[in-house]
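# Survey of secondary and tertiary structure
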Amino acid sequence: MGLLYLGTPLTWDEAKQYADHVREHGITQFLHTWDRVKDRWGDELLWGDEVEYMVVTFDDEEKNAKLSLRQTEILAKLSQVVGDLTDDDTPALMTVPTFHPEYGRYMLESTPGSPYTGSIPDLLSVETNMHYRRTLARKHLKANEIPFTFTSFPRLGTNGVFTEPYFSSDDAKSSHSLFLPEEITNPHARFPTLTANIRSRRGSKVAINLPIFIDERTPRPFVDPTIPWQRSIYPEDPEAKNGAALIDHIYMDAMGFGMGCCCLQLTFQSCNVDEARRMYDALIPVGPIMLALTAASPAWRGYLADVDCRWNVIAGSVDDRTPEERGLKTSKDSYIIPKSRYDSVDLYIANDWTNKPEYNDAPVPYNRGVFERLRNHGIDEVLSKHIAHLFIRDPLVIFSETINQDDTTSSDHFENIQSTNWQTLRFKPPPPNSPIGWRVEFRSMEVQMTDFENAAFAVFIVLLSRAILAFNLNFYIPISKVDQNMARAQRRDAARSSKFYFRKDVLPPGHTALTVSPLSCSGSCSPVEGTPGKEKLLRNCFLPVPRPSHVEDGPIEDEYEEMTMEEIFTGKGSRFPGLLGVVEAYIDTLDVDEGDRLQISRYLDLVRRRATGTNIVYFLRKCVLTSVLGSLQTPATWIRNFVRSHPSYNRDSVVSQEINYDLMVAVDEIERGVRRVPELLPEDYAPTNGYHSKPNSP
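The subject of this paragraph is the overall build of the protein chain. Of the regular secondary structure elements, the protein chain holds 22 helices and 19 strands. Contacts in the protein chain between residues at least 24 apart in sequence constitute 77% of all its contacts with a sequence separation of at least 6. Total accessible area on the protein chain is roughly 26300 Å²; 50% of this is exposed by carbon and sulfur atoms. Where the 75 positive side-chain charges of the protein chain centre and where its 96 negative ones centre are 2 Å apart.

Let us look at the state of the cysteines. The tally for this structure, following the rule as stated, stands at 1 disulfide. Each sulfur of the disulfide joining Cys271 and Cys541 lies 2.2 Å from the other. With the S-S dihedral at roughly 100°, the linkage between Cys271 and Cys541 falls on the right-handed side. Placement of the pair is Cys271 in the loop between strand S9 (264–269) and helix H9 (273–283) and Cys541 in the loop between strand S16 (499–503) and strand S17 (560–564), with a sequence separation of 270 residues. On the basis of relative accessible area, Cys541 is assigned to the buried category, the value being 1%. Of all cysteine sulfurs in the structure, the one in Cys261 sits closest to Cys262, which takes part in no disulfide; the separation is 7.4 Å. Under the relative-accessibility criterion, Cys262 is labelled buried at 0%.

For the rest of this paragraph, the subject is the nonpolar core. If you look at the biggest cluster of nonpolar residues, it comprises 202 residues, and the most contacted ones within it are Trp47, Met290, Phe460, Leu463, Phe569 and Trp638. Ranked by residue count, the leading element in this core is helix H15 (residues 451–471), at 16 residues. Contact partners of Trp638, with chain neighbours within four places excluded, come to Met449, Gln633, Leu663, Ala666, Val667, Ile670, Val677, Glu679 and Leu680. Phe213, Ala299, Val655 and Ile659 belong to the second largest nonpolar core, which has 7 residues in total.

The next thing to look at is the packing of aromatic side chains. This model, assessed by the stated rule, comprises 26 aromatic pairs. Lys481 extends its terminal NZ or CZ atom over the ring of Tyr501, reaching a point 4.6 Å from the ring centre. For the cation-ring pair, Arg640 lies above Phe213, with the distance from its terminal atom to the ring centre recorded as 5.2 Å.

Next up on the list: the packing of helix H2 (residues 19–37) against helix H12 (residues 368–376). Packing of H2 against H12 brings their axes to within 11 Å, and their N-to-C directions diverge by 25°. Considering the angle they form, H2 stands roughly parallel to H12. In this structure, H2 crosses over H12, and the sense of that crossing is right-handed. For the pair formed by H2 and H12, the contact residues are Glu24, Ile27, Thr28, Phe30 and Leu31 on the first element and Val370, Arg373 and Leu374 on the second. Along the lines of polarity and charge, the residues of the contact of H2 with H12 split into 5 nonpolar, 1 polar and 2 charged.

Residues apart from glycine generally show negative phi values, whereas peptide bonds are mostly found in trans. For the peptide bond that leads from Glu164 to Pro165, omega is 0°, which places it in the cis range. At the junction of Arg220 and Pro221, the peptide bond is cis and its omega measures out at -5° in the coordinates. Along the chain, the position of Pro221 falls in the loop between strand S7 (208–211) and helix H7 (240–244). Despite not being glycine, Arg301 shows a phi value in the positive range, around 50°. By secondary structure assignment, the location of Arg301 is in the loop between strand S10 (299–300) and strand S11 (303–304). In the Ramachandran plot, Asp493 falls in the positive-phi region, its phi being about 55° despite a non-glycine side chain. As for its position among the elements, Asp493 is in the loop between helix H16 (479–489) and helix H17 (494–497).

Right, let's get into the pattern of salt bridges. This structure, assessed with the given rule, holds 53 salt bridges. One salt bridge in this structure joins Asp588 and Arg597, with 3.0 Å as the shortest N-O distance. Of the charged contacts in the structure, one is a salt bridge between Asp668 and Arg672, with a shortest N-O distance of 3.1 Å. For Asp668, a relative accessible area of 8% corresponds to the buried category.

Right, let's talk about the environment of Val126 for a bit. In this structure, Val126 sits in helix H5 (residues 126–139). Through-space distance from the C-alpha of Val126 to that of Asn454 is 8.9 Å; in sequence the pair is 328 residues apart. When neighbours within four sequence positions are excluded, Val126 is seen to be in contact with Trp47, Asp49, Tyr116, Ala455 and Ala458.

This next bit is on the environment of Val459. Inspection of the secondary structure puts Val459 in helix H15. Separated by 327 residues in sequence, Val459 and Tyr132 have C-alpha atoms that sit 17 Å apart.

Given 3.6 residues to a turn, an α-helix orients residues that are three or four positions apart in the same direction. Between its first and last C-alpha, H15 extends 30 Å over 21 residues, near the 30 Å set by a 1.5 Å rise per residue. For H15, the buried fraction is high: 21 of the 21 residues fall into the buried class. Taken from the residues just after H15, Asn472 is the one with a positive phi, measuring 50°.

Our next topic: the packing of H12 against helix H13 (residues 381–390). As a packed pair, H12 and H13 sit with axes 8 Å apart at the nearest point and diverge in direction by 145°. Considering how the two elements wind past one another, H12 and H13 form a crossing that is right-handed. Between H12, through Val370, Phe371, Leu374 and Arg375, and H13, the contact on the second element is made entirely by Glu381, Ser384, Lys385, Ile387 and Ala388. Residues belonging to the contact of H12 with H13 are distributed by class as follows: 5 nonpolar, 1 polar and 3 charged.

Our next topic: the pairing of strand S5 (residues 145–148). Of the two faces of S5, both are covered, the one formed by Glu145 and Pro147 as well as the one formed by Ile146 and Phe148. Bridge count for strand S1 (residues 47–59) against S5 is 4 bridges, and the pairing is antiparallel. Counted as the bridge partner of Thr57 is Glu145 from S5.

Let us look at the confidence of the model for the protein chain. Here the protein chain averages 93 in pLDDT, while 93% of its residues score no lower than 70. Counting interchain partners and residues more than four positions distant, the pLDDT-below-50 stretch residues 522–531 has 17 contacts. Low confidence marks residues 615–628, where pLDDT is under 50. Its contacts with residues over four positions away, or in another chain, come to 33 contacts.

Structurally, the position occupied by Leu210 is in strand S7. Given a relative accessible area of 4%, Leu210 falls into the buried group. Considering only alpha carbons, one finds Leu210 and Pro577, 367 residues apart in sequence, at a separation of 36 Å. With residues up to four places along the chain from it excluded, the contact list for Leu210 reads Asp248, His249, Ile250, Met252, Trp300, Ala305, Val307 and Val313.

Position of Ser297 among the secondary structure elements: in the loop between helix H10 (286–293) and S10. Overall, Ser297 belongs to the buried group, its relative accessible area being 0%. Looking at Ser297, its side chain comes within polar contact range of the main-chain nitrogen of Arg310, at 3.0 Å. Setting aside anything within four residues of it in sequence, one finds Ser297 in contact with Thr151, Ser152, Val307, Asp308, Cys309, Arg310, Glu446 and Ala636.

Cut-offs used in this document
- Residues numbered from 1 in each chain as written.
- Predicted model: local features only at pLDDT ≥ 70, side-chain atom pairs only at ≥ 80, totals over all residues.
- Heavy atoms only, no water.
- Helix = DSSP H or I, 4+ residues; strand = E, 2+ residues; numbered from the N terminus.
- Contact = heavy atoms within 4.5 Å.
- Areas by Shrake-Rupley, 256 points an atom, 1.4 Å probe, with all protein chains shown as cover.
- Lys, Arg positive; Asp, Glu negative; His and termini not counted.
- Charge placed at Lys NZ, Arg CZ, Asp CG, Glu CD.
- Disulfide = S-S within 2.5 Å.
- Buried < 20%, exposed > 50% of the residue type's maximum accessible area, 1.4 Å probe, protein only.
- Core = buried A, V, L, I, M, F, W, Y, C linked by side-chain atoms within 4.5 Å.
- Phe/Tyr/Trp six-rings, centres within 6.5 Å; stacked < 30°, edge-to-face > 60°.
- Lys NZ or Arg CZ within 6 Å of the ring centre and 35° of its normal.
- Axes fitted to C-alpha atoms, helices over the stretch in contact; angles between N-to-C directions.
- Parallel < 35°, antiparallel > 145°, perpendicular 65-115°, else oblique.
- Left-handed = near helix turned anticlockwise from the far one by under 90°.
- Nonpolar A, V, L, I, M, F, W, Y, C, P; charged D, E, K, R; others polar.
- Salt bridge = Lys/Arg side-chain N within 4 Å of Asp/Glu carboxyl O.
- Expected span 1.5 Å × (residues − 1).
- Pairing = 2+ DSSP bridges.
- pLDDT = per-residue confidence, 0-100.
- Polar contact = N/O pair within 3.5 Å; in protein donor to acceptor, adjacent residues only side chain to side chain.

So, in structure tokens, the structure goes:
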């Protein structure tokens, strides 16, 4: 969640005076980084996950599940506990984990204590690691508190009591929200300042409207009776009745609704800057697909929505664009910015012949002064435009103590803007004075209810990322089609009912089958001696495919088509084996023993069953025709069905306090393996199915 300084934050009126200063010095810092590490090469694969939790407290007498606002106390306790642990106290192949604050005062973020490597044991330790972090957190909470990996709390912002302790929204001094109290926000100065400065820069509160799910008894038109239409405390209070709150929609008006969501994110270290750029581009079309497949948030502010994902809520919650930037007013001094600063990627950035200019077909405003400065420094046009596009944004939080920095040793001004461009992927330069290399962060997925699911999707994405490099796969489609896919991914039951644009031919020119590219580096990332033997590690540093002497370029429109989720994952035609097909082919290049392969297959089967809509799925694995059981629901579908089948549900789209309580109880029971849900999870699911114990000592 960005940089947490200790200092004095500036109000928006104060901060905007330093916006150009931060941009100028941010670019200076980037150029110092570029000059220092642009030729860095040979970094091995290191990667990690970030898992976010919401802590829920249960009042069994009142049948109320509420958000616990004890983040500060909980993190202090966990910091003390973790500080006293040694690696000998943790499960095998694991270091002491870390816990971090997040925007919501009820949230925790956890990461592994050290990065995973490319080894198969590390890959298969992910579920164990996640399980250990959850167990560690739960052990040090109150008896009636539980850490949930749950994307959006269904009753955040409802009338009544949804936090412990209770606070009124009348004192929401940073957000001026009609629904969320000030105390919902992390008390660190960064977070309320970010909230207030977004509102001030925008010139109004944020306005988020999700279409309500129309059930049999949902009032038509739906005019939300829970909105305090007549409140008159803050200047923005009339906005709801003046049009900000749409009919037939669930209206939300604060940053907390979006940044209070939980997600699963992955970061990969690349061999060098060029490989990081290729990986960034390749995963852009994958982002919307994984958003739909991990959909987990159908309920908002006490109502069922007609969408399944968090993305547009977060995008709206930090939309600081002025009326002029949104195109609502004309101005000679501003340009229209089509998207919020939290949204899908706008530009492909690889400096590679496969990245055709036609793919970057969406309007992308960029800071021309920054662009010219980067170009004059020798940075190529594509990357220069990417950075210049990020730098059309203003810095939102500036601490007075950090205005003047040593640009040769700090990247804080650069990160001030870079880290508040929250997109489906993030291209991350190496930090100053650090052994960390060029990285790519994959950010679109919704967090799942169980560590098994989160590990499955993490393992799938890391294997897919290696397959992309090893086979030199080409996933390019126009950015405008990626944007359309993002919109489709959030629809109700998108994984079953929607089609998505995807590339028809992903193989390199002249190839008719998946063929591994040679490795390009030596030392720690050199191929195992005795090639063509199988690799023991997931690696970086595969050579890109050179441009053929003759390339027949047809119309871009012929390169992609609409596909079902099942076709995207299991394949369509001879030139597209499907995402699972390329992952399976990549695994075949690795030296994996039978037990490890079985565990990986359990993860891939979850992905497969989420993606397929048939009762029995047949697929080819190692020349054997195999079948798996039928499709599995997304968490969003399961949650929606749970609410609609609850005995107290009135078919009116309302998620009552009782329904929410029973839902959270059920989710906890599912995670612990107490409640069986074969429509959501494999029948053999158990929270200890990963490798959860150290090997016996000799």
